[in-house]
Amino acid sequence: MTTNSGARPAPALLLQRLAACLLAAGAWMASPAQAGVIDVVAIPGGAFTYQAAGEFLDQGRPVDAPRVQGRVEDGRAIMRRQVSQAEYARCVQAGACKRLDKGFRDLAAADLPAVGVSWADATAYAEWLSRETGQRWRLPVYAEWVRAAADRYREDGALPSDPDNPSARWLAEYDREISRSQGRIKPPQPFGHFGVNTLGMSDMGGNVWEWTDTCFASHSVGALPLAPRENCGVRILAGAHIAAMADFIRDPRNGACSIGLPPANLGFRLVRED
């Protein structure tokens, strides 16, 4: 008996292949609630001090941000890692998140963080995830991110402040920005590349800056303090150093205005309120 190399697979074999394809598609399209428990870490509750975010001016001159007291309430947890490209792609497929810009829209790796996302994109994802899981997910405020960063949290060092020689501060700030720009890894790296902190959080302060829900504010301090002027069209970004960015920006390397050195990659992780 001869074998016909061009014969079609038996119907049973076709059904098996179809079932396998449907299962694979179902696994990729599964909601986070169906795919399994989202890995989170409890944020330690209580009071702590940290360097405030925003702009601080004394009679119109920039000065160092002061240390302030923050507090995190009990019962809050944060994702152990950033939201992945595959997870964000599911939200797009569900019609709940906007498609990303060219160069980012086809990213779908399960082991790489989602990048090229704006604050608005991250907020839409949080709303979708809340509906899918029946839990409340949202972006962290900056104080929560600081608390979760633990030993990976870094503060800006003091810069010279001399009213008679303002150029000294400008030059020192320029030198700091140049130092920050050296050796930066621009492509997003696989989860875990930057290690974990003492709480078990992955990649805190790596090469992905994370959106927070904290609005940028300008503060007048010194002899004539004024109420802070808040601008919620600009949000605070947390990462290797603090930054601020307009909430619609997806890729700061395309000439977006930012406070300080533009971050390399914009991503996010979410807080869950129990």
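My aim in this report is to walk through the structure given alongside it, one point at a time.

Rules of the game
Residues numbered from 1 in each chain as written. Predicted model: local features only at pLDDT ≥ 70, side-chain atom pairs only at ≥ 80, totals over all residues. Heavy atoms only, no water. 1 Å grid on protein atoms, 1.4 Å probe; cavity = no way out; pocket = protein on both sides within 12 Å on 5 of 7 lines; lining within 4 Å. Points joined across faces, edges and corners; volume = space filled by probe spheres on them. Nonpolar A, V, L, I, M, F, W, Y, C, P; charged D, E, K, R; others polar. Pairing = 2+ DSSP bridges. Helix = DSSP H or I, 4+ residues; strand = E, 2+ residues; numbered from the N terminus. Axes fitted to C-alpha atoms, helices over the stretch in contact; angles between N-to-C directions. Contact = heavy atoms within 4.5 Å. Salt bridge = Lys/Arg side-chain N within 4 Å of Asp/Glu carboxyl O. Buried < 20%, exposed > 50% of the residue type's maximum accessible area, 1.4 Å probe, protein only. Parallel < 35°, antiparallel > 145°, perpendicular 65-115°, else oblique. Phe/Tyr/Trp six-rings, centres within 6.5 Å; stacked < 30°, edge-to-face > 60°. Polar contact = N/O pair within 3.5 Å; in protein donor to acceptor, adjacent residues only side chain to side chain.

Regarding empty space enclosed by the protein
Stage number 1. Throughout the structure, instances matching the rule amount to one cavity of 30 Å³ or more.
Stage number 2. The space that makes up the largest cavity amounts to roughly 60 Å³.
Stage number 3. Taken together, Q82, P113, Q189, P190, F194, D203, G206, N207 and V208 form the lining of the largest cavity.
Stage number 4. Split by residue class, the lining of the largest cavity holds four nonpolar, four polar and one charged.

Re the sheet that holds strand β1 (residues 40-42)
Stage number 1. Spatially, the four strands line up as an open sheet ordered β1-β6-β12-β7, and their pairing is antiparallel. On the outer flanks of this sheet lie β1 and β7 (136-138), each paired with one strand and no other. Strand-to-strand twist across the sheet, computed as the mean angle between neighbouring axes with direction ignored, equals 30°.
Stage number 2. Pairing between β1 and strand β6 (residues 76-79): three bridges, direction antiparallel. What sits directly across from V41, in β6, is I78.
Stage number 3. The sheet strands contacting helix α4 (residues 119-133) are β6 and β7, and the helix crosses β7 at an angle near 165°.

Quick word on the pattern of salt bridges
Stage number 1. Applying the stated criterion to the full structure yields 11 salt bridges.
Stage number 2. A salt bridge links D121 to R250; its shortest N-O distance comes to 2.7 Å. Placement of D121 in helix α4 and of R250 in the loop between β10 (243-246) and β11 (265-267) is noted, with a sequence separation of 129 residues between them. R250 carries the same exposure label as D121, and that label is buried.
Stage number 3. Ionic pairing is found between R269 and E210, a salt bridge with its closest N-O pair at 2.8 Å. Pair noted here: R269 is in the loop between β11 and β12 (271-273) and E210 is in strand β8 (residues 208-221), with a separation of 59 residues, a long-range link. Neither R269 nor E210 differs from the other in exposure class; each is buried.
Stage number 4. Among the ionic contacts, a cluster of salt bridges with common partners joins R76, R136, R138, E144 and E273.

Re the packing of helix α3 (residues 85-93) against α4
Stage number 1. Running from N to C, α3 and α4 cross one another at 75°; their axes reach a closest spacing of 10 Å. Classified by the angle their axes make, α3 and α4 are roughly perpendicular. Contact residues: E87, Y88, R90 and C91 in α3; D121, Y125 and W128 in α4.
Stage number 2. Taken together, the residues of the contact of α3 with α4 sort by class into four nonpolar, no polar and three charged.

Notes on the packing of aromatic side chains
Stage number 1. By the definition in use, this model includes five aromatic pairs.
Stage number 2. An angle of 70° between the planes, with centres 5.5 Å apart, marks the rings of Y125 and F268 as edge-to-face. Residue Y125 is located in helix α4, and its partner F268 is located in the loop between β11 and β12; the two are separated by 143 residues in the primary sequence.
Stage number 3. Site record: aromatic cluster; members linked through ring pairs are Y88, Y125, W128 and F268.

Quick notes on the side chain of S130
Stage number 1. Here S130 shows up in helix α4.
Stage number 2. The exposure class assigned to S130 is buried, which follows from its relative accessible area of 17%.
Stage number 3. A polar contact of 2.8 Å, which involves the side chain of S130, links it to the backbone oxygen of A126.
Stage number 4. When sequence neighbours within four positions are dropped, the list of residues in contact with S130 reads Q135, R136 and W137.

Comments concerning α3
Stage number 1. Judged by how many residues are buried, α3 sits mostly within the fold: seven of nine residues are covered.
Stage number 2. Buried within α3 we find Q85, A86, E87, Y88, A89, R90 and C91.

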